[in-house]
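# Understanding the architecture of this molecule
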Amino acid sequence: DVSGFNIGDEVILNPSLYWGPNEKVQGPDYQILGFPTQGTFAEYISIGSEYVYAKPKHLSLEEAAALPLAGLTAYRALFTRGGCVRDSKVLITGIGGGAALFVLHFAVASVAQVYVTSSSQEKIGKAIDLGANGGVIYCNTDWDQELRTLCDGFDVIVDSAAGKGFSKLLDLAQPGASIAMFGRTAGNMTDLSPSSIFWKQLSIHGTTMGTTEEFEAMLSLVSSKKIFPAIDSVYPAHDIGMAFEKMEKAEQFGKIVINMEEL
Ligand SMILES: NC(=O)c1ccc[n+]([C@@H]2O[C@H](COP(=O)([O-])OP(=O)(O)OC[C@H]3O[C@@H](n4cnc5c(N)ncnc54)[C@H](OP(=O)(O)O)[C@@H]3O)[C@@H](O)[C@H]2O)c1
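Rules and cut-offs
- Residues numbered from 1 in each chain as written.
- Predicted model: local features only at pLDDT ≥ 70, side-chain atom pairs only at ≥ 80, totals over all residues.
- Heavy atoms only, no water.
- Domains from an automatic or database assignment.
- Contact = heavy atoms within 4.5 Å.
- Buried area = accessible area lost by both parts, 1.4 Å probe.
- Salt bridge = Lys/Arg side-chain N within 4 Å of Asp/Glu carboxyl O.
- Polar contact = N/O pair within 3.5 Å; in protein donor to acceptor, adjacent residues only side chain to side chain.
- Helix = DSSP H or I, 4+ residues; strand = E, 2+ residues; numbered from the N terminus.
- Nonpolar A, V, L, I, M, F, W, Y, C, P; charged D, E, K, R; others polar.
- Buried < 20%, exposed > 50% of the residue type's maximum accessible area, 1.4 Å probe, protein only.
- Lys, Arg positive; Asp, Glu negative; His and termini not counted.

### Focus: the domain arrangement of the chain
Domain annotation of the chain identifies domain 1 (11-70 + 211-259) and domain 2 (78-206). Between domain 1 and domain 2, the C-alpha centre-to-centre distance is 23 Å. Counting from both sides, the interface comprises 18 residues of domain 1 and, opposite them, 15 residues of domain 2. Taking both partners together, domain 1 and domain 2 bury about 1,300 Å²; carbon and sulfur atoms supply 72% of that area. Interface area lost by domain 1 to domain 2 is led by A70, I227 and F253, which between them contribute 41%. Counting across the domain 1 and domain 2 interface gives zero salt bridges. Remark: the boundary between domain 1 and domain 2 carries five residue pairs in polar contact (both at pLDDT 80 or more). In terms of residue count, helix α8 (residues 212-224) provides more of the side of domain 1 that touches domain 2 than any other element does, four residues in total. Of the residues contributing to the side of domain 1 that touches domain 2, the split by class is twelve nonpolar, two polar and four charged.

Spelled out as structure tokens, the structure:
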């Protein structure tokens, strides 16, 4: 019953399934491809044709494999929830993360001013090569003060770490700023200052994945601006354990891709 595709076409999948009618939040039937049904470390997969799109022509299959989940999450976090526009001052925490790097690509493509945090000076250097204006190491006690010397405050903050560092984001936010958060890599948030939130009229937005319209807008942005996902490494399927070890040590800069052809 599938039309518009031929056997052998190179495609990309929208992993955000059954979102439902409300663009503000996914409905009760929502699923992420691979969770809770079907795994994505698979040679074959069954999926509705409405979730299948032509692969952006400028991307290799490995680059395309890196894009869907992290790219969609980044797109909604930065634009729909964060409200990034041209000239916004954007802060992205933990730039070595897969989704964080897509936020960087999309913010740079939108001509925003972008600053990052990382555990590694080398990763900050790579982010600057990709268009970031600067960055600081979040392991330093006074990383927030260091960031203030680079930028006097941020209009949009995209965070996937949470943890105790989140409270500093409230100080770094400009009055009226938006903070979009979609992860908890560093654990629960502590010591949040209520007065920073209400006096500065901050908007803190939880965000997860995205709608079909956002997926299509993300693909369109990637194609029109010729954005290439940052790939840290590609592992054959038989070395999948090494890929997880690398991710656990947070050594990666960008996406770790598994090649299922090399079982
Ligand atoms: N809600 C959703 O839709 C959604 C979608 C995708 C991911 N997520 C969640 O988002 C988080 C990130 O996932 P990911 O796959 O993009 O990342 P990832 O590739 O697993 O990378 C995690 C990154 O977090 C950074 N990090 C670690 N501790 C930090 C801290 N204390 N402060 C700031 N940054 C810190 C590190 O950055 P450096 O290497 O630069 O130090 C690390 O590279 C996870 O919690 C994941 O479950 C949620």
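### Some details on the side chain of K123
Assignment of secondary structure puts K123 in helix α4 (residues 121-129). Buried K123, no salt bridge; nearest opposite-charge side chain is D232, N-O distance 6.8 Å. A polar side-chain atom of K123 sits 2.8 Å from the main-chain carbonyl oxygen of Q252. Ignoring sequence-local partners within four residues, the contact set of K123 consists of I95, G96, S118, A250, E251, Q252 and F253.

### So, unusual backbone geometry
The residue after F35, namely P36, is reached through a cis peptide bond having omega 10°. Within the secondary structure layout, P36 lies in the loop between β3 (31-32) and β4 (52-54). Phi angles above zero are rare outside glycine, and D87 is one such case at about 75°. Position of D87 among the secondary structure elements: in the loop between α2 (68-81) and β5 (89-92). The phi dihedral of K226 falls on the positive side, at around 50°, and the residue is not glycine. Locating K226 in the fold gives a position in the loop between α8 and β11 (231-236).

### Details of the pattern of salt bridges
Counted according to the given criterion, the structure contains six salt bridges. Note that E214 and R76 form a salt bridge whose closest N and O atoms lie 3.1 Å from each other. Here R76 lies in helix α2 and E214 lies in helix α8, a separation of 138 residues in the sequence. The exposure class assigned to E214 is buried, which follows from its relative accessible area of 8%. Of the charged contacts in the structure, one is a salt bridge between K168 and D144, with a shortest N-O distance of 3.3 Å. In this pair, K168 sits in helix α6 (residues 166-172) while D144 sits in helix α5 (residues 143-150), placing the two residues 24 residues apart along the sequence. Residue K168 is classed as partly exposed on the basis of its relative accessible area of 21%.

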